[in-house]
Amino acid sequence: NAGVTQTPKFQVLKTGQSMTLQCAQDMNHNSMYWYRQDPGMGLRLIYYSASEGTTDKGEVPNGYNVSRLNKREFSLRLESAAPSQTSVYFCASTAQGYRETQYFGPGTRLLVL
Amino acid sequence: GENVEQHPSTLSVQEGDSAVIKCTYSDSASNYFPWYKQELGKGPQLIIDIRSNVGEKKDQRIAVTLNKTAKHFSLHITETQPEDSAVYFCAATVNQAGTALIFGKGTTLSVSS
């Protein structure tokens with residue numbers, strides 16, 4: 001039981017390049033989330049998926065798109081990376097909704113030059 | 001929307017001392033308050049949570065208190081150990097579709113031996 005896994009662990013992009021961050025969970029959870037973590041800013045929600053087939057914007061969705069591929073996988077795409085998107089990205093999942101334990105992945109560290 | 005403020009941003013204690021981290025929230029409808037611990041290079045991990053129908057909850061050396069009238073909640077760690085050194089985040093949310101878990105900006109706790 002691996003919990004929440006994220007790939008890649010680290011990525012360097014040039015401004016304007018695109019990439020997809022992958023997230024998968026093996027806990028049969030319904031809800032999945034993408035956060036970004038910046039120094040002194042805590043964790044901010046980018047997008048979430050309450051259940052398979054649904055996605056909704058969080059606090060900071062601009063510049064990102066998501067896909068809930070199936071119940072296990074939730075990907076985050078940067079279509080045209082900007083230096084302001086340099087951050088650490090965390091995926092998380094819960095069995096159902098926000099009022100439960102969120103299980104976080106190990107994070108993807110992204111540097112946009 | 002909900003706003004969560006967390007203090008202090010850094011806290012240094014000697015091994016064996018107690019540590020207290022405080023958070024305030026703005027939305028009186030918030031009813032779930034988790035605390036997460038993040039070790040260096042890892043994703044956050046839930047350590048304790050409290051719901052609005054409870055004033056205090058304990059788990060070994062960790063306790064959380066909630067004052068709904070004042071809209072603040074606190075994390076108390078007793079008999080601190082070096083392995084308690086980490087970043088701690090508080091969060092708050094309401095049990096309502098479409099709402100998010102709002103995190104504080106974090107407290108870096110350092111326990112010296």
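Residues numbered from 1 in each chain as written. Chains lettered and ligands numbered in written order. Predicted model: local features only at pLDDT ≥ 70, side-chain atom pairs only at ≥ 80, totals over all residues. Heavy atoms only, no water.

*Asks:* An account of the environment of serine 31 of chain A is requested, with residue identities and associated values reported.
*Replies:* Residues and elements named next belong to chain A. With respect to the helices, strands and loops of the structure, serine 31 is situated in strand S4 (residues 31-38). Between the alpha carbons of serine 31 and valine 60 there is a distance of 18 Å; along the sequence they are 29 residues apart. Among the polar contacts listed, one links the side chain of serine 31 to the backbone oxygen of alanine 50, at a separation of 2.8 Å. (Helix = DSSP H or I, 4+ residues; strand = E, 2+ residues; numbered from the N terminus. Polar contact = N/O pair within 3.5 Å; in protein donor to acceptor, adjacent residues only side chain to side chain.)

*Asks:* Explain the sheet that holds strand S7 (residues 64-68) of chain A to me, and be specific about the residues and the numbers.
*Replies:* Residue and element names in this part refer to chain A. Pairing is antiparallel across the open sheet formed by four strands, whose spatial order is S1-S3-S8-S7. What marks the edges here is a single partner per strand, and that holds for strand S1 (4-7) and S7. The sheet shows a mean angle of 20° between the axes of neighbouring strands, direction not considered. With four bridges connecting them, S1 and strand S3 (residues 19-25) associate as antiparallel partners. Note that in S3 the partner of threonine 5 across the bridge is alanine 24. (Pairing = 2+ DSSP bridges. Axes fitted to C-alpha atoms, helices over the stretch in contact; angles between N-to-C directions.)

*Asks:* Can you tell me about a nonpolar patch on the surface, naming the residues and giving the values?
*Replies:* Residue and element names in this part refer to chain A. Taken together, the side chains of Phe10, Val12, Leu111 and Leu113 define a hydrophobic patch exposed on the protein surface, amounting to about 360 Å² of accessible area. Position of leucine 111 relative to the elements: it lies in strand S11 (residues 108-112). With a relative accessible area of 32%, leucine 111 lands in the partly exposed category. (Patch = residues over 30% accessible without salt bridge, like charges linked within 9 Å, V, L, I, M, F, W, Y side chains within 5 Å. Areas by Shrake-Rupley, 256 points an atom, 1.4 Å probe, with all protein chains shown as cover. Salt bridge = Lys/Arg side-chain N within 4 Å of Asp/Glu carboxyl O. Buried < 20%, exposed > 50% of the residue type's maximum accessible area, 1.4 Å probe, protein only.)

*Asks:* Could you give an account of the environment of leucine 13 of chain A, with specific residues and numbers?
*Replies:* Residue and element names in this part refer to chain A. Tracing the chain through its elements places leucine 13 in strand S2 (residues 10-13). Since its relative accessible area comes to 4%, leucine 13 is described here as buried. As for leucine 13 and threonine 86, which are separated by 73 residues in sequence, their C-alpha atoms are 9.2 Å apart. The contacts of leucine 13, once residues within four sequence positions are left out, are Ser18, Met19, Ala81, Leu110, Leu111, Val112 and Leu113. (Contact = heavy atoms within 4.5 Å.)

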